[in-house]
Amino acid sequence: MKTKTLKKDKVNIITLGCSKNMVDSEVLSGQLKANEIDVVHESTKRDHNIVVVNTCGFIDKAKEESINTILEQVELKQRGKLDKVYVTGCLSERYRGDLESEIAGVDAWFGTMELPLILKKFDADYKAELVGERLLSTPSHYAYLKIAEGCNRTCSFCAIPLMRGGHVSKPIEELVKEAEKLVKFGVKEIMLIAQELTYYGLDLYKKRRLGDLMSALAKVEGLEWIRLHYAYPTKFPMEILDVMNEHQNICKYIDMPLQHASNAMLKAMKRQITREEIEDLVHAIREKVPGICLRTTLIAGFPGETEDDVEELKGFLERMRFDRVGVFTYSHEEGTSAYELEDNIPAEEKERRAQEIMEVQQEISLEKNQEKVGKIFKVIVDKKEAGRYLARTEFDSVEVDNEVIINTSKRLKPGDFVQVKITKAFDYDLEGELV
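Residues numbered from 1 in each chain as written. Predicted model: local features only at pLDDT ≥ 70, side-chain atom pairs only at ≥ 80, totals over all residues. Heavy atoms only, no water.

**Notes on the pairing of strand S15 (residues 388–392)**
Item 1. Of all five residues that make up S15, four are buried, and the element is covered over most of its length.
Item 2. Here strand S14 (residues 376–385) folds back onto S15, and the loop between the two strands holds two residues, one of which, Ala 386, carries a positive phi near 50°.
Item 3. Sheet topology places S15 next to strand S16 (residues 404–406); three bridges connect them, and they run antiparallel. Bridging from a neighbouring strand, Ala 391 pairs with Val 404 of S16. (Buried < 20%, exposed > 50% of the residue type's maximum accessible area, 1.4 Å probe, protein only. Helix = DSSP H or I, 4+ residues; strand = E, 2+ residues; numbered from the N terminus. Pairing = 2+ DSSP bridges.)

Now the structure itself:
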């Protein structure tokens, strides 16, 4: 008599939103793998029977993408292509009640901090000893290192504290261990991420200790580049710049979201800083670390923003000449203090303002890139595409910044470091030849 063999579960994790979500998905994958459950990221093959959608609930566009993805997976389940659909992440944390009543067919909903509960659905145990064990969804030469969870700030536009709770730092020893494991997997560059890096350590050690963490990570053997993302300008810990100067493997790069430069807007956004203080800070940072790359993000169309505010922001960009800038349009988020204000700027007008701000930056970016022509830079190779290699300098982070295009017949591998002489400059990219 033949016995029917049970098909082994295979889980596909779909991650939406930011790099912090990506790390959560990698940790979940590592836990499932340790429990001998087959797991893949973003698989296009149809050989899995369970899907976990890790959602983003940050702004309207992200919410829409998350909901569409959930509906697509539920439809596949209804057509018999999937056995289970689970949903986790920020959207689920924030709107679980509404989503449960409106979307049928999801087998279970989880918040942002419910990893052990997700594992229970797979009869899997949460293995605490697996600190830092992650199944990377990035190419093997770079990874994100999440140094803290949540945020204590009260910025009026931001819903993240509603979804992620207050700031909780991870201990330095734990992060060093995690970095060492990543290097064993072949990682050469790590990007430090958190809702807010500069607050790091205050909850655990009763003082800011980002500098100490950077020093400890800089000593990890084989770690070539360490990059800082999401540094808050208020009470910026200047001592981290000394650490940056001391260690060759800490990139001269800071991602510092400023959101605006008009004092009226900064006040309405509850940013606890003035334009004058921001300008002083930028000058002080550049003085302390000559050649540093400063990236920022800005919001266009916040309630009450006037044409004068936009002009002030454009003038600020022209004076400050940031290396990298991203512009988002304001999203009216319930639960935030800005939700009480009237969202009085039409979507098309927000887009127009964002475009206008970006045009100012585009010119600055081209000029800054032209200054690099003829100079030699150490770059990390990311991938080969259409017969040429795409690489980055220490002044460029993954996916959000410039790329260096290398035309060569020499075989290069992702993760290789090479010296490149820049031969051409474009608005946002460079072209060069191997030295």
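**Focus on the pairing of strand S12 (residues 293–300)**
Item 1. The buried fraction of S12 is high, at eight of eight residues.
Item 2. Because side chains alternate across S12, one face comprises the buried residues Cys 293, Arg 295, Thr 297 and Ile 299, and the other comprises Leu 294, Thr 296, Leu 298 and Ala 300, equally buried.
Item 3. In this structure, strand S11 (residues 250–255) lies alongside S12, joined through three bridges in parallel fashion. When the bridges of S12 are listed, Tyr 253 appears paired with Cys 293.

**Remarks on the domain arrangement of the chain**
Item 1. Domain annotation of the chain identifies domain 1 (10–129), domain 2 (138–371) and domain 3 (375–434).
Item 2. For domain 1 versus domain 2, the separation of C-alpha centres amounts to 28 Å.
Item 3. Across the boundary between the two partners, domain 1 contributes 20 residues, which contact 20 residues of domain 2.
Item 4. Together, the buried faces of domain 1 and domain 2 total about 1,800 Å²; carbon and sulfur atoms form 55% of this surface.
Item 5. Sorting the residues of domain 1 by area buried against domain 2 places Lys 20, Phe 58 and Arg 94 first, and these three jointly supply 35% of that buried surface.
Item 6. Between the two partners, domain 1 and domain 2, sit seven salt bridges.
Item 7. Arg 164 is paired through a salt bridge with Asp 24; the nearest N and O atoms lie 2.9 Å apart.
Item 8. Across the side of domain 1 that touches domain 2, the residue classes break down as seven nonpolar, four polar and nine charged. (Domains from an automatic or database assignment. Contact = heavy atoms within 4.5 Å. Buried area = accessible area lost by both parts, 1.4 Å probe. Salt bridge = Lys/Arg side-chain N within 4 Å of Asp/Glu carboxyl O. Nonpolar A, V, L, I, M, F, W, Y, C, P; charged D, E, K, R; others polar.)

**So, helix H6 (residues 172–184)**
Item 1. Its 13 residues place the ends of H6 19 Å apart at the C-alpha level, agreeing with the 18 Å of an ideal helix rising 1.5 Å per residue.
Item 2. The secondary structure elements touched by the buried residues of H6 are strand S6 (142–146), strand S9 (189–193), helix H7 (202–205) and helix H8 (210–218).
Item 3. Looking one or two places after H6, you find Gly 186, whose phi comes out positive at around 105°. (Expected span 1.5 Å × (residues − 1).)

**A closer look at the sheet that holds strand S13 (residues 324–329)**
Item 1. Taking strand neighbours across the sheet as the criterion, the six strands line up as S6-S9-S10-S11-S12-S13 in an open arrangement whose pairing is parallel. Each having just a single partner strand, S6 and S13 make up the two edges of the open sheet. On average, each strand axis in the sheet is inclined to that of its neighbour by 20°, with strand direction left out of account.
Item 2. Across six bridges, the pairing between S12 and S13 is parallel. Bridging across to S13, Thr 297 finds its partner in Gly 326.
Item 3. This element, helix H1 (residues 19–34), spans S6 and S9 of the sheet and lies at about 95° to S6.
Item 4. Contacts from H6 reach S6 and S9 within the one sheet, and its direction differs from that of S6 by about 165°. (Axes fitted to C-alpha atoms, helices over the stretch in contact; angles between N-to-C directions.)

**Quick notes on the sheet that holds strand S5 (residues 108–109)**
Item 1. Reading across from one edge, S2-S1-S3-S4-S5 is the order of the five strands in this open sheet, with parallel pairing throughout. Pairing within the sheet leaves two strands with one partner each, and these edge strands are strand S2 (38–41) and S5.
Item 2. In terms of strand pairing, strand S4 (residues 84–89) meets S5 through two bridges, oriented parallel. Bridge pairing in S5 places Tyr 86 opposite Ala 108.
Item 3. Packed onto the sheet, H1 meets strand S1 (10–15), S2 and strand S3 (50–55) and runs at close to 170° relative to S1.

**Focus on the nonpolar core**
Nonpolar side chains tend toward joint burial in soluble globular proteins.
Item 1. Core analysis: the largest hydrophobic core is formed by 59 residues, its most contacted members being Ile 147, Ile 190, Leu 192 and Ile 254.
Item 2. Here this core takes six residues from H6, the largest share from any one element.
Item 3. Here Ile 190 is in contact with Ala 143, Leu 145, Ala 179, Leu 182, Leu 217, Leu 223, Trp 225, Ile 226 and Arg 227, once residues within four sequence places are set aside.
Item 4. In terms of nonpolar packing, the next biggest core, distinct from the first, is built from 18 residues, Cys 251, Tyr 253, Val 404 and Val 420 among them. (Core = buried A, V, L, I, M, F, W, Y, C linked by side-chain atoms within 4.5 Å.)

**Here's the deal with the packing of aromatic side chains**
Item 1. On inspection of all chains with the given rule, the structure shows six aromatic pairs.
Item 2. Ring centres of Phe 302 and Tyr 330 lie 5.1 Å apart, and the angle between their planes is 70°; this geometry places the pair in the edge-to-face category. A residue pair is termed long-range when its members are at least 10 positions apart, and Phe 302 in the loop between S12 and helix H12 (307–320) and Tyr 330 in the loop between S13 and helix H13 (347–370) qualify at 28 residues. For the pair Phe 302 and Tyr 330, one class covers both residues: buried.
Item 3. Seen in terms of ring centroids, Phe 316 and Phe 322 are 5.8 Å apart; in terms of plane orientation they differ by 45°. Their pairing is tilted. (Phe/Tyr/Trp six-rings, centres within 6.5 Å; stacked < 30°, edge-to-face > 60°.)

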